[in-house]
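Descriptive analysis of the structure
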Amino acid sequence: SLDSVISIGANAFANCGQLTDLTFGDSLTSIGAGAFKSTKISVFTIPASVTDIGVGTTSFLDGLPAIVIDKDNPAFTVVDGILYSKDMSTIYYYPRTYTTIDGVFTTSANIGPYAFYNTLLKEIVIENGATEIGEGAFQNAKYLKSVTMADSVVTLGTSAFSGCNALESVVL
């Protein structure tokens, strides 16, 4: 347990390949980028006190099946396994193994850095309202074939679609 820790730095537990269990205390407010990269944490539980999660913190967890957010968390929420900002304006994590019946996901939310990293998604439709696709947002999404973006999208982050080897169609 990390009861007294208020901040976990970037890559603090990165590559601790056997780490499967972690309990955060109510003092924790910040989790740094890649803090648990390449670990085997099976359930990532974020307490109400956490208001800052670094880039890729959840995206690089090996085989993460579930994210649980305390209902009183003021910054984040989970809907259908997808991690959003509390106001649902930004997606921070889309589960790697999650897919829709037809492989298409439609959203008007901004896409955070590495949110769809290495997912099984086949098609993404980003509707009006979204303005940004973050760094590495779809990196290594090797099944992604089609991307459609509304005119409201004005920022594409570095390496946003890097490694999307199946990508055949992009409509901007």
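The present account deals with the structure reproduced in this document. The shown structure was predicted, so the numbers you read here are calculated from the model rather than taken from an experiment.

**Focus: the pairing of strand 8 (residues 90-93)**
As judged from the two bridges shared by strand 7 (residues 82-85) and strand 8, these two strands associate in the antiparallel manner. In the sheet register, L83 faces strand 8, and the bridge partner there is Y93. Joining the antiparallel neighbours strand 7 and strand 8 is a turn of four residues, in which M88 adopts a positive phi near 60°. The pairing of strand 8 with strand 10 (residues 110-111) spans two bridges and is parallel. Pairing of T90 across the sheet is with N110, part of strand 10.

**Comments concerning the pairing of strand 11 (residues 123-126)**
Going residue by residue along strand 11, you find I124 and I126 tucked away on one face and E123 and V125 left uncovered on the opposite face. In this sheet, strand 11 lies alongside strand 9 (residues 104-107) in parallel orientation, the contact comprising four bridges. Considered in strand 11, the bridge of V104 is made with E123. The pairing of strand 11 with strand 13 (residues 146-149) spans four bridges and is parallel.

**A closer look at the environment of K71**
Mapped onto the elements of the fold, K71 is located in the loop between strand 5 (66-69) and strand 6 (76-79). Sequence separation between K71 and A48 is 23 residues; the distance between their C-alpha atoms is 7.1 Å. A polar side-chain atom of K71 sits 3.4 Å from a polar atom in the side chain of D72.

**Things to note about the pattern of salt bridges**
Tallied over the entire structure, the rule returns one salt bridge. Between K71 and D72 there is a salt bridge, and its shortest N-O distance comes to 3.4 Å.

**Looking at the nonpolar core**
Counting 24 residues, the largest nonpolar core has F116, I133 and F138 as its most contacted members. Only strand 7, strand 11 and strand 13 provide two or more residues apiece to this core. Discounting chain neighbours no more than four positions away, the residues touching F138 are I111, F116, I124, I133, L144, A160, F161, S162 and C164. Membership of the second largest hydrophobic core comes to 17 residues, among which are L22, I41, F44 and L83.

Here is what the cut-offs are and how they apply
Residues numbered from 1 in each chain as written. Predicted model: local features only at pLDDT ≥ 70, side-chain atom pairs only at ≥ 80, totals over all residues. Heavy atoms only, no water. Pairing = 2+ DSSP bridges. Helix = DSSP H or I, 4+ residues; strand = E, 2+ residues; numbered from the N terminus. Buried < 20%, exposed > 50% of the residue type's maximum accessible area, 1.4 Å probe, protein only. Polar contact = N/O pair within 3.5 Å; in protein donor to acceptor, adjacent residues only side chain to side chain. Salt bridge = Lys/Arg side-chain N within 4 Å of Asp/Glu carboxyl O. Core = buried A, V, L, I, M, F, W, Y, C linked by side-chain atoms within 4.5 Å. Contact = heavy atoms within 4.5 Å.

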